[in-house]
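Now for the letters of each chain:
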Amino acid sequence: MLSKPATMLLGLIYEKPLNAYEIIKRLNYMNVKWWFNIADSTVYSTLKTLERKGYILGTTEKVGNMPDRTVYSLSDTGRDKFIDTLKASILQFNYDTNIFSIAAFFLSTFSPNEQHELLEKRLEILQKYHTGIEKQVNPLWENEVSAVHVANVKRMIDLVDAEITGTERLIANCPKEHI
């Protein structure tokens, strides 16, 4: 599975070939810094790593009197790795919700039917997490552990509840397949 910065950058490049400056501008436009801050230096170093691994291909372009710029596009290997990472990120629950948030930005990578299928499977996974965590919470258990531990487990339930609500919202707003 790709790192979060690598997934975000591959997703942007999947949409259309971009240079590093355009990627940074898009991240700023998307207000990514408010939930997942990617430093400009991380963009540049991640692009170099992705290129070294063969996930992206850089082409040097000359535009007017400007310095040469490298425009990146996805290789077939990069596209496959990106799609595999998106699927894995959707079909898992992680308390680091940025992983799913990044995947959700790129749901349009999949057909409407695939989007619905992946999100419905995610919803099932989240509901199992919720049920499992709630089984732990009972008066006997609460008397045996510290109040902070109880509060933390209930906070975990809140996080799963938020993910369920968000996933349901995504399902409701996914495009419908044209028949």
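Note that residues are indexed from 1 along each chain, following the sequence as it is written. Local features in this predicted model are restricted to residues of pLDDT 70 or higher, and side-chain atom pairs are both shown and tallied only at a pLDDT of 80 or more, whereas totals for entire chains, interfaces and linings draw on every residue. Remark: hydrogens and water are excluded; side-chain values derive from all non-hydrogen atoms of the structure.

### Let's talk about the overall build of the protein chain
Secondary structure summary: the protein chain contains eight helices and three strands in total. Where helices and strands are cited, they refer to DSSP runs of H or I of at least four residues and of E of at least two residues respectively, numbered from the N terminus. Secondary structure elements of the protein chain, listed N to C terminal, follow the sequence α-β-α-α-β-β-α-α-α-α-α. Computed over C-alpha atoms, the radius of gyration of the protein chain comes to 20 Å, more than 25% over the 16 Å expected from 2.2 N^0.38 for 179 residues, which places it beyond the range of a compact globule. Principal-axis analysis of the C-alpha atoms places the extent of the protein chain at approximately 75 × 45 × 25 Å. Type-normalised accessible area, obtained with a 1.4 Å probe on protein chains alone, sets the label of each residue: buried when under 20%, exposed when over 50%, and partly exposed for intermediate values. In the protein chain, buried positions account for 37% of the 179 residues. Within the structure as shown, the protein chain displays about 10,500 Å² of accessible surface, and the carbon and sulfur contribution to it stands at 53%. Charged residues are defined narrowly, with Lys and Arg counted positive, Asp and Glu counted negative, and His plus the chain ends left uncounted. Where a charge lies is defined by one atom per residue type: Lys uses NZ, Arg uses CZ, Asp uses CG and Glu uses CD. Treating the 21 positive side-chain charges of the protein chain as one cloud and the 22 negative ones as another, the clouds have centres 5 Å apart. We take the radius of gyration over the C-alpha atoms and set the globule estimate at 2.2 Å times the residue count to the 0.38 power. Computed with a 1.4 Å probe, the accessible areas rest on the Shrake-Rupley method; for each residue, only the protein chains presented here act as cover.

### Points about helix α3 (residues 40-52)
In this scheme, a helix's expected span is set at 1.5 Å multiplied by one less than its residue total. An ideal rise of 1.5 Å per residue puts 18 Å on 13 residues; α3 measures up with 19 Å between its terminal C-alpha atoms. V43, T46, L47 and L50 are the residues of α3 that are buried. Considered in projection along α3, the buried side chains sweep an arc of 105 degrees and stay on one side of the axis. Among the exposed residues of α3, those pointing more than 90 degrees away from its buried face are S41 and R52. A contact between two residues is defined here by any heavy atoms of the two lying within 4.5 Å. Looking at the buried residues of α3, the elements they touch are α1 (4-15), α2 (20-29), β2 (56-61) and β3 (69-74). Phi turns positive one or two residues past the end of α3, at G54, with a value near 85 degrees. Comment: arc refers to directions from the helix axis out to C-beta atoms.

### Brief notes about α1
Here α1 contains 12 residues, and its C-alpha end-to-end distance of 17 Å stays within 8% of the 16 Å for a straight helix at 1.5 Å per residue. In terms of burial, α1 is a largely internal element, nine of the 12 residues being buried. Turning to α1, its buried residues are P5, A6, T7, M8, L9, L10, G11, L12 and I13. Measuring from the side-chain oxygen of the N-cap residue of α1 to the backbone nitrogen of A6 gives 3.2 Å; that N-cap residue is S3. Contacts described as polar in this section are N or O atom pairs within 3.5 Å, which, within protein, must combine one atom able to donate a hydrogen with one able to accept it, while residues neighboring in sequence count only if both atoms come from side chains.

### A word on the sheet that holds strand β1 (residues 18-19)
The antiparallel open sheet is built from three strands, whose spatial order is β1-β3-β2. Strand pairing shows two members of the sheet lacking a second neighbour, β1 and β2, which therefore form its edges. If DSSP finds at least two bridges between two strands, the strands pair. When β2 meets β3, the two strands line up antiparallel, connected through six bridges. When the bridges of β3 are listed, T59 appears paired with V71.

### Looking at the packing of helix α4 (residues 76-90) against helix α6 (residues 112-136)
Running from N to C, α4 and α6 point in directions that differ by 35 degrees, and their axes come no closer than 9 Å. Across the interface between the two elements, K87, S89 and I90 from α4 touch L118, L119 and R122 from α6. Classes in brief: Ala, Val, Leu, Ile, Met, Phe, Trp, Tyr, Cys and Pro nonpolar; Asp, Glu, Lys and Arg charged; the others, Gly included, polar. Residues of the contact of α4 with α6, tallied by class, amount to three nonpolar, one polar and two charged. In this analysis an axis means a line fitted to C-alpha atoms, helices contributing only their contacting stretch, and an angle means the value between N-to-C directions, from 0 to 180 degrees.

### Notes on the side chain of S89
With respect to the element layout, S89 can be found in helix α4. Of the polar contacts made by the side chain of S89, one reaches the backbone oxygen of T85; its length is 2.8 Å. With sequence-adjacent residues up to four places away left out, S89 is seen in contact with M1, I99, F100, A103 and R122.

### Things to note about the pattern of salt bridges
Within this document, salt bridges are pairs made up of a side-chain nitrogen of Lys or Arg and a carboxyl oxygen of Asp or Glu, the two lying within 4 Å of each other. Under the definition given, this model contains nine salt bridges. Its salt-bridge partner being R69, residue E22 comes within 3.9 Å of it at the nearest N-O pair. In this pair, E22 sits in helix α2 while R69 sits in strand β3, placing the two residues 47 residues apart along the sequence. We classify E22 as partly exposed; its relative accessible area is 25%. Ionic contacts of the salt-bridge type, sharing partners, join the residues E22, E61 and R69 into one network.

These results come straight from atomic positions and should not be treated as a statement about function.
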